[in-house]
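# Architecture and fold: a report
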Amino acid sequence: MKQKSWITIAALSTSAALVLPATTLATDYRPAMLANPCAGCHGPDGDSPGSIPSLKGLSAEEIASGMKAFKKDRRKGTVMNRIAKGYSDEEIDLMAGYFSRTP
Amino acid sequence: MNNISRRRFIQWLGTASALGALGTPSLAFPNTGARIIVVGGGFGGATCANYLKRFDPSLEVTLIESHKQFYTCPFSNAVLGGLYDMDFIRHDYNKLQSKHRVKVIQDNASTIDPDKQTVHTTAGRTLSYDRLVLSPGIDFLWNAIEGYDPAASLIMPHAWKAGSQTRLLRKQLHEMPNGGVVIIAPPANPFRCPPGPYERASMIAHYLKQHKPRSKVLILDAKDQFSKQTLFQDAWDEFYPDHIEWVPGSQGGKVTAVDAKHMTVTADEEKIKAAVANIIPPQMAGDVAHRAGLTNDKGWCPVNQKTFESTIYKNVHVIGDASIAGKMPKSGYSASSQGKVCAAEIVAALRGDTIGASSWVNTCYSLITPDYGISVAAVYRLSDKGIVGVKGAGGVGPRDAPRATRRMEAIYAEGWYRSITADIFG
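Keep in mind that this is a model prediction, so the values were computed, not measured.

Residue and element names in this part refer to chain B. With antiparallel pairing, three strands are arranged side by side in an open sheet as S6-S7-S8. Strand pairing shows two members of the sheet lacking a second neighbour, strand S6 (109-113) and strand S8 (126-128), which therefore form its edges. Looking at each pair of strands side by side, their axes are set apart by 25° on average, direction ignored. As defined by bridge partners, S6 adjoins strand S7 (residues 118-121) across four bridges and the pair is classed as antiparallel. Its bridge partner lying in S7, threonine 111 is registered against histidine 120.

Turning next to the packing of helix H2 (residues 43-55) of chain B against helix H9 (residues 332-350) of chain B. All names here are of chain B. Interhelical geometry of H2 versus H9 gives an angle of 35° and a closest axis separation of 7 Å. The handedness of the crossing between H2 and H9 is right-handed. Across the interface between the two elements, Phe43, Gly44, Gly45, Thr47, Cys48, Tyr51, Leu52 and Phe55 from H2 touch Gly332, Ala335, Ser336, Gln338, Gly339, Lys340, Cys342, Ala343, Ala344, Ile346 and Val347 from H9.

Before going further, it helps to examine unusual backbone geometry. All names here are of chain B. Each neighbour pair has its own omega, and for asparagine 189 with proline 190 the value is -10°, a cis peptide bond. For proline 190, the location among the structural elements is in the loop between strand S11 (181-185) and helix H6 (196-211). Here asparagine 143, not a glycine, exhibits a phi torsion of approximately 70°, which is positive. When you line up the elements, asparagine 143 lands in the loop between strand S10 (138-140) and helix H5 (164-175). Positive phi values are uncommon outside glycine, yet phenylalanine 308 reaches one of about 65°.

Conventions used here
Residues numbered from 1 in each chain as written. Chains lettered and ligands numbered in written order. Predicted model: local features only at pLDDT ≥ 70, side-chain atom pairs only at ≥ 80, totals over all residues. Pairing = 2+ DSSP bridges. Helix = DSSP H or I, 4+ residues; strand = E, 2+ residues; numbered from the N terminus. Axes fitted to C-alpha atoms, helices over the stretch in contact; angles between N-to-C directions. Left-handed = near helix turned anticlockwise from the far one by under 90°. Contact = placed C-beta atoms within 7 Å.

Put into structure tokens, the structure is as follows:
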């Protein structure tokens, strides 16, 4: 019974990746909480319906290296140079990981 | 099973047995099924309702909104400029209901009983909540400008809530004579959408330059400074030197009275005749927040800036323009960003959990011409002084940005609009 329930949880956990994790480990909320505001420009789950580049479909490495290049002004942008400077490299990695895992 | 998985599993076992005791042993997640009522279906409330269901599908989320359709203030200036039709800024709640499983009630929250945790509506409903989220936007301080009351606003539109007011202002612009003066009167801080009046001046000037070239926009301002000021003024010098004049408050710009019958606006004891008068009056939190006793002496709602729970009543959260959110501006993006944090805080609190530190973002574009946009952005964090912008990040774009950047920002402005409305209503 316990084993069966665990499989159910595992299945739900993967199929419902957007649900806040059912855990008391506070750190588990961080990627989602860092990434949620990005949807305002990059679209729901990073899937942009308009002119702003989508994050959906990019690897964590692509997103993180892009953000870090904006942050250090090695890549020219418009608002992203200003926004990327608001995050630590660790936070950028967490956000990038979150978007790369979004189905 | 690694250590973290094992810990989660053990925690889940604990929760599952607790839920079992409540007679819901089939729940795999420690879902709460709590009843959440959200009042107000704008950028803050609709986002919060959407993300509450996303974070915890077991919640019973009810959105109370008095309008069947929602017209956004963002891009309403571009409608006035002739770039878009009203359809572009119109949204409905269909997908919020069918796709995101939010129950939407078209009704008006009249009173709130924070002790009994109930909301009464004008249609006679009484709804109980475990948590209440108010996102009531703004209402106006009528007669703060002498003579500017609801009746006057039908002759001199504020158009600071989009919809029929936007239509009225656009109609007046179309019908006014070539050579007439369009007065825009922005209020003192704080107010909804700090760069909005100046984008509006730009978009109306864009329309006048093409269709009524002998007309101009006269901005009679209560303030001496405004958002993105340098970038706006640089662009006005270039595009609208004959079509926009800005008078700061200290130089006689502050509007003290209007006479809607004779279409005059009084500033610095001088009566000025307007062909069109767009009076943007001083503001306060939306009426329902006042009726619920959630406002301070300045008319806005003090909240715990981590959770957005009211500091006046427990289990009542206030987000968006109505809330006092530290350094965050009263903008649609801010409200939406707050809606997500508030949703997560509520879900975590119902589980006896905490989400730790949050961050918020505001990005705001303004159109000067269809091909020339400017922006301001910030990343916000909670400090011991409330919500503040991260130092060294954010701000307005550089003054010497190349034309290609301005063009990209105009393109991204529309991209932003499509994304945020898809995120909220889609």
